[in-house]
Amino acid sequence: MIRVDHLTKYYGERLAVDNISFNVEKGEIVGLLGPNAAGKTTTMRMLTGFLMPTKGNAYIDECNMMTNSLEGRRLIGYMPESTPLYMDMTVRDYLSFFAKLRGLNEKYTKSRIDEVVELCNLEEYIDVILGKLSRGFKQRVNVAQSIIHNPKVLILDEPTVGIDPIQVAQTRNLIKALGKEHTVLISTHILPEVSVICSRVIIIHRGKIVAEDKIENLSAVLKGGRRIKVEVKGPVDKVTDRLRGLPGVKRVMREGDFYILETAADIDPRARITETIVRNGWALLSIDTIEMSLEEIFLQLTTNEDSNNE
Amino acid sequence: MNNIVLIAGKEFRSYLKSPMAYIIAFIFLLFTGVFFVSYLSTNSYNDTSIRGLVDPLSLFGLGGLGNIFLLLFASIITMRLISEEKKLGTWELLLTSPVKDSDVILGKFIGSFGLLASILLLTVYYPILLFILGDPDIGPIVSGYIGLFLFGSAALAIGIFASSVTANQIVAAVVSFGIMGGLWVLGVIPQQIANMPTGLKTVLSYVSLSGHSIGFVVGILDTRDIIYLVSVTVLFLFMATRSLESGRWN
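Values in this document were obtained by computation on a predicted structure and should not be read as measured data.

A. Spotlight on the interface of chain B and chain A. Contacts between the two partners involve 19 residues from chain B and, on the opposite side, 22 residues from chain A. Put simply, the parts of the chain that give the side of chain B that touches chain A at least two residues each are helix 1 (2-17), helix 6 (90-95) and helix 14 (223-249) of chain B. The greatest single-element share of the side of chain B that touches chain A, amounting to five residues, is contributed by helix 1 of chain B. Here the side of chain B that touches chain A is composed, by residue class, of seven nonpolar, seven polar and five charged.

B. Quick peek at the sheet that holds strand 2 (residues 14-24) of chain A. Residue and element names in this part refer to chain A. Across the sheet, four strands lie side by side as 2-1-4-5; this open sheet has antiparallel pairing. At either margin of the open sheet sits one strand with a lone partner, and together these are strand 2 and strand 5 (63-64). Two elements, strand 4 (residues 55-60) and strand 5, share two bridges in a ladder whose sense is antiparallel. Bridge pairing in strand 5 places Tyr59 opposite Asn64. Together, strand 1 (2-11), strand 2 and strand 4 form the strand contacts of helix 1 (residues 40-47), whose direction differs from that of strand 1 by roughly 120 degrees.

C. Layout of the nonpolar core. Core analysis: the biggest nonpolar cluster contains 115 residues, and Ala144 of chain A together with Ala157 and Ile160 of chain B have the highest contact counts within it. Element by element, the count of residues in this core is highest for helix 9 (residues 138-164) of chain B, at eleven residues. In contact with Ile160 of chain B, not counting residues within four places along its chain, are Thr78, Leu81, Ile82, Ile105, Lys108, Phe109, Phe236, Leu237 and Ala240 of chain B.

D. A look at helix 9 of chain B. Between its first and last C-alpha, helix 9 of chain B extends 39 Å over 27 residues, near the 39 Å set by a 1.5 Å rise per residue. When you tally the buried positions in helix 9 of chain B, you get 21 out of 27 residues, the bulk of the element.

E. Structural view of the domain arrangement of chain A. Taken domain by domain, chain A consists of domain 1 (2-217) and domain 2 (227-290). In this structure, domain 1 of chain A and domain 2 of chain A have C-alpha centres spaced 43 Å apart.

F. Focus on unusual backbone geometry. All names here are of chain A. Of note in the backbone geometry, Asn19 takes a positive phi value of approximately 50 degrees without being a glycine. Inspection of the secondary structure puts Asn19 in strand 2. Looking at Asn19, the number of C-beta atoms within 10 Å reads 15, which means it is partly exposed. Located in the positive-phi region is Arg206, a residue other than glycine, with phi close to 45 degrees. Relative to the helices and strands, Arg206 resides in the loop between strand 9 (200-205) and strand 10 (208-214).

G. Spatial organisation of the sheet that holds strand 14 (residues 283-290) of chain A. All names here are of chain A. Taken together, four strands build an open sheet; the order of strands is 12-13-11-14 and the sheet is antiparallel. Among the strands making up the open sheet, the edge pair consists of strand 12 (249-255) and strand 14. Going from strand to strand, the sheet's axes swing by 25 degrees on average, the running direction of each strand aside. Across five bridges, strand 11 (residues 227-233) lies against strand 13 (residues 258-263) in antiparallel orientation. Within strand 13, the residue paired with Ile228 across the bridge is Leu261. Against the sheet, helix 9 (residues 270-279) makes contact with strand 11 and strand 14, and its axis sits at roughly 165 degrees relative to strand 14, the strand it touches most.

Calculation rules
Residues numbered from 1 in each chain as written. Chains lettered and ligands numbered in written order. Predicted model: local features only at pLDDT ≥ 70, side-chain atom pairs only at ≥ 80, totals over all residues. Contact = placed C-beta atoms within 7 Å. Helix = DSSP H or I, 4+ residues; strand = E, 2+ residues; numbered from the N terminus. Nonpolar A, V, L, I, M, F, W, Y, C, P; charged D, E, K, R; others polar. Pairing = 2+ DSSP bridges. Axes fitted to C-alpha atoms, helices over the stretch in contact; angles between N-to-C directions. Core = buried A, V, L, I, M, F, W, Y, C linked by C-beta atoms within 7 Å. Buried ≥ 20, exposed ≤ 12 C-beta atoms within 10 Å, placed from the backbone. Expected span 1.5 Å × (residues − 1). Domains from an automatic or database assignment.

Here you go:
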């Protein structure tokens, strides 16, 4: 349904997207995962016809977005990251404007607005001026706008950025529900989000695809190779030594009064850690797990590639 | 066609929601009213025409001050049309909807023309007063208004083009007023330089905005003036469309 074929985009001299190719089949929810400035938004903008690629092609349901963009644009619903809204319009006027712009007639527009407003929990706000809505509700209107014309393909750029945790959960559920009838491509830099929503993930870094797989096949690193932060009162050398010797612990670092333990994803050594510390008669002051940040994971994923290139 | 109407309607309604439209209408009516009356009184009410509105030459010696106001207001009306959308990001939604670039530009042009036309129509009470109180010549009045509408379209098209090249509204306004001012001044240059070749003088006055205003004032509908103003409108709307297209390649 979505086909990206050797897509490349330069902004002047700067290479933003570097020869990427991928497919999204009908009914899939695919996550485009990457840190900021990885090229996610640029890729999406080329898929929606907002930008033309420097090289390569992007297809929506066999419509080439370079040569037949108008036809292709009928098939997509796009939610840009910046939550763009006409601040002087009401929710109803705004949705109606885009519904009609995307080819819905008067009658169908009315019934679609009712459906979408219910789906996005916007009933109470339908006649409120957009400029007066809070960030979370603006985001919902942004989602509503993207599905108002019931498009085959949904392209959502960072749909959960800048909203509170409850709304994040609601938005994710909504996207999952939408995935039943639509083909969805979502971009995010939040790792857990991908595993919650998507059936497949494409990891992109500095404009290149560095990994692409089904969620269940993702390497242990991506599943969240964790770090454990322990605060121990005891002789530094001995503590470090013992902790390092535990099964599942790959590395021990010190950070002030804390020991940071890098662990394998498949073993949870926390019980062994506390046991060891207590048995040695040291004082365990705190123990905590830290999720690995996306940047660190990318570092791991991309180190090999980089060393190959250089 | 539907999309043009849709976008034009949206823009027009958006104008009516902002105070800017009312402020501009107020100032425009205030100044043109003063010009209108001043012209009548300096001519001891013997020349019952709207020359004060369309060409207060006799007052300030500047030539078409009403037109200068029209240019200024056209820059202000159009500056937000595309710049604001670029800044807000709604541009991305508009351009990823199945709408032709030319439809976007035409919609915005017609929407802003609607506002300008409404403001110009508010001045119709000047000639109505003339008809009630005197016996004006209807020809120059009609041609004067045709001139204002054509001038207005050209100015709006220039403004829309300027708005399409930047995300900053102030820059858009300055650029558009700069282009309009430049085109205006071209016609004034030949008057200042005595020994300029006649050929160059003709060319300058033909490409200038100011060179095409006087006919409408005195009641002459010269096809050259009409073609010139329509060409400027079409040219700048076309350039604005190209500017959208080139935006996709950047």
